[in-house]
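# Analysis of the macromolecular model
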Number of protein chains: 2
Amino acid sequence: MNLKEFASRIGLSATTVSRAMSGYPEVRPETRVRVLEAAEKLGYRPNISAQRLATGRAGAIGIVFQGGGRFGPHSSELMGGLLTRLQRNGIDILVSTVETEEEEMAAYRRLAASKRVDAVILHTPACKDERIALLQALNLPFVVHGRSEAEKPFAFLDIDNFGAIAEATRYLAGLGHRRIALINGDTASTYARDREDGYRTALEEHGLTPDPALMSRGEFTDETGFRLTQGFLALSAPPTAVIAGSMMSALGAMRAIRIAGLSPGTDIAIVAHDDVFPYLSPDNLVPAVTTTQSPMRAAGERIGDMALRLLQGEPPEALQEVWPVELIVRDSTRPAPA
Amino acid sequence: MNLKEFASRIGLSATTVSRAMSGYPEVRPETRVRVLEAAEKLGYRPNISAQRLATGRAGAIGIVFQGGGRFGPHSSELMGGLLTRLQRNGIDILVSTVETEEEEMAAYRRLAASKRVDAVILHTPACKDERIALLQALNLPFVVHGRSEAEKPFAFLDIDNFGAIAEATRYLAGLGHRRIALINGDTASTYARDREDGYRTALEEHGLTPDPALMSRGEFTDETGFRLTQGFLALSAPPTAVIAGSMMSALGAMRAIRIAGLSPGTDIAIVAHDDVFPYLSPDNLVPAVTTTQSPMRAAGERIGDMALRLLQGEPPEALQEVWPVELIVRDSTRPAPA
């Protein structure tokens, strides 16, 4: 049975059937369900090439990662969320890996030219990010996980990184901590710059001067958290509190504190930003870790949803969200030692 | 510049250029490098549609997951490995998520018909798996992560699940443990059946009778490890040792043991199967956990490699590997309490 025959059997136009089966919400949900059920019942299998020609759609959304070796727990939560949302519409994800930013730009050109994806998800943007201008020039719809400065509006979902780290820093300063260290990402990225700004702002509110020796940057891994915390502890005036950029960094930080013969939480307070990994709950660590919490999987789901809305014609400026972040106080933040 | 012009500029045939740029190793590596460098230098950007017509290749490998919500740390390590290997050849991964096995079968039919992927990676096979027969019937090249019974040979990479759990069980029995619990996956899957077989075999070697109350099945999550271990501890004759199917299960098991007022390692021995998550090292747990170790990321890299070889024409029967698993004894396996 071809498209025309199937459409006529169920009394709809070929265009409506194609749209319903393409996974994009251009037809009413009832129509989509009706078409899918009829296709199942009548054994109609759409010819994807014909369907693509009819709808001009690839049925896939792209995402590019720099370095397959760096595909880790954070990428995985974002992917899990995207997959969960896109599954409901039968949309696939095309994952490309490249080594450099230049190769990433080339990948977008390639994706746009080949029409293998209908939109892309861009993540970890820089404060000024040439990838955004490129995607706009290519007319390839995109949603950004994070924020950036750009002339033309674009769709994005970010969390309030400034507010999260400001609140964590304020809380520690309120407990009497005067030397508070920050394990941050690369401040060329907006999220890391926002975190540093939040940290500096809260310190200044408490009359504290940011000390460059207490501000370190690196990947959010156990190993890097360990190494950077060892660096803090080797200072002549070590910190009494550490803000870790992720749960992974916190694991390494706590290990370094223990190996130095100190007690995490009591001798050195810990706050971690928690992207909510189901296997790494701050409640299950000893001591339970105070966190700024924002589930990255939920963000991934919402970003998938925003991509579908964008493809349905919603303007990018209507698809901009900043999620608040919650400070959850647990046992790892005792008052500063007297 | 079109393909013909570019090929003539560098003195190669259009077919050779297309093959070199398609990412599949059908041309000599030196030729591929030469073509890519010339393309960069001369500003030649291949028209992917034309290139696909020329090579008949999509430049992507597919993988289907059941349930985006279950895309977790294990899927992530497999993906990370695949991405690392395929990046070297510029091959993308098309990820589809479905809810049921039936939908997964439909997804393969769709992928085969649409020619959007050149091969697929099938994972977590059942002992008898109709997906394998389907892929063979569809003539869609595939590599299985795991093993299964099938009439016709197929490419696969598996680890020695039987040997791993047999060795762990033998080691515990040798330490005097008589009641050894097993947290396993669904034994419809080959890996879980192999693990159970290894467990039973080792018990019988030591004259021990497998007790169904000590054999539990469930997802490899912290939560399920916790719940199943609480079940073991509530038995009138609780185990003195637990073999956890993954590091995630071990985390939950250790938590349940602690909450029961017991000491993991001393009161209840723990062995975990370790897929090697960079953020969850058995050395960093307290006590350091004895493991059967096999890095899933390395398996993913090798499976990516095998998919490329398959597409290059190597026969599936030449692409079958079973990796040994190493028992690494740490502090969590003390002799059984007297």
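Above: the structure in question.
Below, the structure is looked at part by part. (Residues numbered from 1 in each chain as written. Chains lettered and ligands numbered in written order. Predicted model: local features only at pLDDT ≥ 70, side-chain atom pairs only at ≥ 80, totals over all residues. Heavy atoms only, no water.)

## A short note on the overall build of chain A
The number of helices and strands found in chain A is 12 helices and 12 strands. By its C-alpha atoms, chain A is 80 × 40 × 35 Å across when sized along the principal axes. Surface exposure of chain A reaches about 13,600 Å², of which carbon and sulfur atoms provide 51%. Taken as two groups, the 36 positive and 41 negative side-chain charges of chain A have centres that lie 7 Å from each other. (Helix = DSSP H or I, 4+ residues; strand = E, 2+ residues; numbered from the N terminus. Areas by Shrake-Rupley, 256 points an atom, 1.4 Å probe, with all protein chains shown as cover. Lys, Arg positive; Asp, Glu negative; His and termini not counted. Charge placed at Lys NZ, Arg CZ, Asp CG, Glu CD.)

## A closer look at helix H2 (residues 14-22) of chain B
Listed as buried for H2 of chain B are Val17, Ser18, Ala20, Met21 and Ser22 of chain B. Of the residues flanking the end of H2 of chain B, it is glycine 23 of chain B, one or two places downstream, whose phi is positive at about 95°. (Buried < 20%, exposed > 50% of the residue type's maximum accessible area, 1.4 Å probe, protein only.)

## Side note on the sheet that holds strand S12 (residues 326-328) of chain A
Residue and element names in this part refer to chain A. Reading across from one edge, S7-S6-S8-S9-S10-S12 is the order of the six strands in this open sheet, with mixed pairing throughout. Of all the strands in the sheet, the pair left with one neighbour each is strand S7 (215-217) and S12. The mean inter-strand angle of the sheet, taken between neighbouring strand axes irrespective of direction, is 15°. Against the sheet, helix H8 (residues 161-174) makes contact with strand S6 (180-184), strand S8 (241-244), strand S9 (269-274), strand S10 (290-293) and S12, and its axis sits at roughly 165° relative to S8, the strand it touches most. (Pairing = 2+ DSSP bridges. Axes fitted to C-alpha atoms, helices over the stretch in contact; angles between N-to-C directions. Contact = heavy atoms within 4.5 Å.)

## Some remarks on unusual backbone geometry
All names here are of chain A. Across the junction of valine 286 and proline 287, the peptide omega takes the value -5°, indicating a cis bond. Along the chain, the position of proline 287 falls in the loop between S9 and S10. The phi dihedral of lysine 115 is positive, around 55°, even though this residue is not glycine. Structurally, the position occupied by lysine 115 is in the loop between helix H6 (101-114) and strand S3 (119-123). Since its relative accessible area comes to 59%, lysine 115 is described here as exposed.

## Observations concerning the packing of aromatic side chains
Going through the model one piece at a time under the given rule, you end up with 11 aromatic pairs over all chains. Taken together, a centroid distance of 6.1 Å and an interplanar angle of 70° make the contact between tyrosine 191 of chain B and phenylalanine 220 of chain B edge-to-face. Taken together, the residues tyrosine 191 of chain B in helix H9 (residues 190-205) and phenylalanine 220 of chain B in the loop between strand S7 (215-217) and helix H10 (222-233) connect sequence positions 29 residues apart. Look at phenylalanine 277 of chain B and tyrosine 279 of chain B: their rings are 5.9 Å apart centre to centre, the planes differ by 35°, and that puts the pair in the tilted class. As far as the burial class goes, phenylalanine 277 of chain B and tyrosine 279 of chain B line up, both buried. Aromatic ring contacts, followed pair by pair, group Phe277 and Tyr279 of chain A together with Phe277 and Tyr279 of chain B into a single cluster. Note that arginine 255 of chain A overlies the ring of phenylalanine 226 of chain A, its terminal NZ or CZ placed 4.3 Å from the centroid. (Phe/Tyr/Trp six-rings, centres within 6.5 Å; stacked < 30°, edge-to-face > 60°. Lys NZ or Arg CZ within 6 Å of the ring centre and 35° of its normal.)

## Digging into the interface of chain B and chain A
As a measure of interface size, the accessible area lost when the parts come together is often cited. Contact residues are listed per partner, giving 40 residues for chain B and 40 residues for chain A. Here chain B and chain A share an interface that buries about 3,500 Å² over both sides, 50% of which is from carbon and sulfur atoms. Considering only the surface of chain B that becomes buried against chain A, Gln87, Asp92 and Tyr279 of chain B emerge as the three largest contributors, covering 19% of it. Linking chain B with chain A are four salt bridges, by the criterion used here. Between arginine 110 of chain A and aspartate 92 of chain B there is a salt bridge, with the nearest N and O atoms lying 3.8 Å from each other. Scanning the region where chain B abuts chain A turns up 26 residue pairs in polar contact (both at pLDDT 80 or more). Secondary-structure elements contributing two or more residues to the side of chain B that touches chain A are helix H4 (48-55), helix H5 (73-87), strand S2 (92-98), helix H6 (101-114) and helix H11 (247-259) of chain B. A breakdown of the residues in the side of chain B that touches chain A according to their chemical character gives 15 nonpolar, 13 polar and 12 charged. (Buried area = accessible area lost by both parts, 1.4 Å probe. Salt bridge = Lys/Arg side-chain N within 4 Å of Asp/Glu carboxyl O. Polar contact = N/O pair within 3.5 Å; in protein donor to acceptor, adjacent residues only side chain to side chain. Nonpolar A, V, L, I, M, F, W, Y, C, P; charged D, E, K, R; others polar.)

## Section: the relation of the copies chain B and chain A
Rotating chain B by 180° and translating it 0.0 Å along the rotation axis places it on chain A, where the RMSD comes to 0.0 Å. Classification of the inter-copy transformation places it as that of a two-fold axis. When C-alpha distances to the rotation axis are compared across chain B, the minimum falls at leucine 94 of chain B, with a value of 2.2 Å. Here 100% of the interface residues in chain B have copies in chain A that are interface residues too; the copies meet face to matching face. (Least-squares fit on C-alpha atoms with pLDDT ≥ 70 in both.)

## As for the pattern of salt bridges
Residues and elements named next belong to chain A. Within this structure, the stated rule accounts for 43 salt bridges over all chains. The salt bridge involving arginine 255 is made with aspartate 222; its shortest N-O contact spans 2.4 Å. Here aspartate 222 lies in helix H10 (residues 222-233) and arginine 255 lies in helix H11 (residues 247-259), a separation of 33 residues in the sequence. Across the pair, aspartate 222 and arginine 255 agree in class, each one buried.

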